[in-house]
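Descriptive analysis of the structure
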Amino acid sequence: MASFASSPNPYYALGHALWGAGWWFVVFALLNSAVAVGLACTNSASRVMYTMGQASTLPAAFGRIHPVHQTPTFAIAFAQIFGIVAILLVGLLLRPEYIFGFLETISTLAVIVLYCMANVALTSYIRREHRENFSVWQHVVFPWIATLALLPVLFVTIYPVPAWPYNITPYLFLATLILGFGYMQWLEARNPGALRRGATMLVGSRSTAEGDVNWDRPEGAL
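Below: a short report on this structure. (Residues numbered from 1 in each chain as written. Predicted model: local features only at pLDDT ≥ 70, side-chain atom pairs only at ≥ 80, totals over all residues. Heavy atoms only, no water.)

1. Concerning the side chain of S46
Of note, S46 is situated in helix 3 (residues 23-54). Within the local environment of S46, its side chain forms a polar contact with the backbone oxygen of T42, the two atoms lying 2.7 Å apart. In this structure S46 touches P72, A75 and I76, once residues within four positions along its chain are discounted. (Helix = DSSP H or I, 4+ residues; strand = E, 2+ residues; numbered from the N terminus. Polar contact = N/O pair within 3.5 Å; in protein donor to acceptor, adjacent residues only side chain to side chain. Contact = heavy atoms within 4.5 Å.)

Right under this line is the structure:
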């Protein structure tokens, strides 16, 4: 385990040590996993960006689809190029072995904060918009337990302060968070209602007394 932890290519070393000539199965599994994760990330990111483009919370180009394949080609291309640039920047400015851990740490911080915000918002949202469906266990207890479970992970990610270059990841995440918040305020001032339209297209709004969901426009819009 000591040599596994210190190896620059630990899975390759593990495959050779335990499987002999079958080491290539480990490489195949890693490549297969990498492709699967890449497809999943591209799919989810491009779908969200496409919806934001449709709602005008991102430029209209993100909301366009290919006339033949019916896919959001611009959003997909942007996600791919952004990912490649991020990997190259970390690899060139720092070192290639930092790529995964560095970008993963920033992503982890973003996911933790996102989930905590969603958990906290769920309580007030259900009470305000769907009061008859409100459940203390589902909409208060479980979301807040999940939030409390995530907070220690957030804490140990930033403290004790990790070694270089991981010690700058919290500041990079905070900078992007502030930048995103500023963009959100600018967008709402420039295009009132854009954020609500975007939220409606992502989660829908009740448009009838029976509770049917309208996925196209904010509640009360014409």
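2. A word on the packing of helix 2 (residues 10-19) against helix 3
The N-to-C vectors of helix 2 and helix 3 enclose an angle of 145°; their axes lie 7 Å apart at closest approach. By crossing handedness, the relation of helix 2 to helix 3 is classed as right-handed. Contacts between helix 2 and helix 3 involve Y11, Y12, G15, H16 and W19 on the former and, on the latter, W23, F25, V26, V27 and L30. Its residues assigned to classes, the contact of helix 2 with helix 3 comprises 8 nonpolar, 2 polar and no charged. (Axes fitted to C-alpha atoms, helices over the stretch in contact; angles between N-to-C directions. Left-handed = near helix turned anticlockwise from the far one by under 90°. Nonpolar A, V, L, I, M, F, W, Y, C, P; charged D, E, K, R; others polar.)

3. Regarding the nonpolar core
Counting 8 residues, the largest nonpolar core consists of V90, Y98, I99, F102, I106, L109, V113 and F173. Examining the composition of this core, we find that 5 residues originate from one element, helix 5 (residues 99-129), more than from any other. Once residues lying within four places of it in the same chain are set aside, the contact partners of F102 are V90, L94, P165, Y166, I168, T169 and L172. Core analysis: the second largest hydrophobic core is formed by 5 residues, M49, L58, F62 and A75 among them. (Core = buried A, V, L, I, M, F, W, Y, C linked by side-chain atoms within 4.5 Å. Buried < 20%, exposed > 50% of the residue type's maximum accessible area, 1.4 Å probe, protein only.)

4. Concerning the packing of aromatic side chains
A ring pair, where both rings are aromatic, is described by two values, the distance of the centres and the angle of the planes. The final tally for this structure, using the stated rule, is 10 aromatic pairs. Taken together, a centroid distance of 4.9 Å and an interplanar angle of 90° make the contact between F62 and F74 edge-to-face. Of this pair, F62 sits in the loop between helix 3 and helix 4 (73-93) while F74 sits in helix 4; the two residues are 12 residues apart in sequence, bridging distant segments of the chain. When its relative accessible area of 7% is taken as the criterion, F62 is described as buried. (Phe/Tyr/Trp six-rings, centres within 6.5 Å; stacked < 30°, edge-to-face > 60°.)

5. Describing the packing of helix 3 against helix 4
The geometry of helix 3 relative to helix 4 is characterised by a closest axis approach of 8 Å and an angle of 130° between their N-to-C directions. Judged by the inter-axis angle, helix 3 sits oblique to helix 4. In this structure, the crossing between helix 3 and helix 4 has a hand that is right-handed. Here helix 3 contributes T42, A45, S46, M49 and Y50 to the contact with helix 4, which in turn contributes A75, I76, F78, A79 and Q80. (Parallel < 35°, antiparallel > 145°, perpendicular 65-115°, else oblique.)

6. Remarks on a nonpolar patch on the surface
A cluster of nonpolar side chains, Y11, L14, L18, W19, W24, F25, F28 and L30, forms an exposed patch at the surface whose accessible area comes to about 900 Å². Secondary-structure elements contributing two or more residues to the nonpolar patch are helix 2 and helix 3. Following the sequence through the fold, F28 ends up in helix 3. (Patch = residues over 30% accessible without salt bridge, like charges linked within 9 Å, V, L, I, M, F, W, Y side chains within 5 Å. Areas by Shrake-Rupley, 256 points an atom, 1.4 Å probe, with all protein chains shown as cover. Salt bridge = Lys/Arg side-chain N within 4 Å of Asp/Glu carboxyl O.)

7. Comments concerning the pattern of salt bridges
According to the stated counting rule, one finds 1 salt bridge in the structure shown. For E97, the salt bridge is made with R95, and the minimal N-O distance between the two is 2.8 Å. The class of R95 is partly exposed, set by a relative accessible area of 42%.

8. Examining unusual backbone geometry
Trans peptide bonds make up most of the peptide bonds, and negative phi angles are found at most residues other than glycine. Cis peptide bonds are those with omega within 30 degrees of zero, and the linkage from Y159 to P160 qualifies with -5°. Along the polypeptide, P160 turns up in the loop between helix 6 (136-158) and helix 7 (169-190). Residue W164 is joined to P165 through a cis peptide bond whose omega torsion reads 0°. Mapped onto the elements, P165 comes out in the loop between helix 6 and helix 7. Even without glycine at this site, S56 takes up a positive phi of about 70°. Note on placement: S56 falls in the loop between helix 3 and helix 4. Residues other than glycine seldom take positive phi values, yet Q70 does so here, at roughly 60°. Locating Q70 in the fold gives a position in the loop between helix 3 and helix 4.

9. Describing helix 5
Two residues of an α-helix separated by three or four positions point the same way, owing to the 3.6 residues in each turn. Taking 1.5 Å per residue, 31 residues should reach 45 Å; helix 5 reaches 43 Å between its end C-alpha atoms and fits that length. Its axis deflected by about 30° at L122, helix 5 carries its strongest bend there. Those residues of helix 5 not exposed but buried are I99, G101, F102, T105, I106, L109, I112, V113, C116, N119, T123 and I126. (Expected span 1.5 Å × (residues − 1). Bend = angle between axes of the 7 residues up to and from the residue.)

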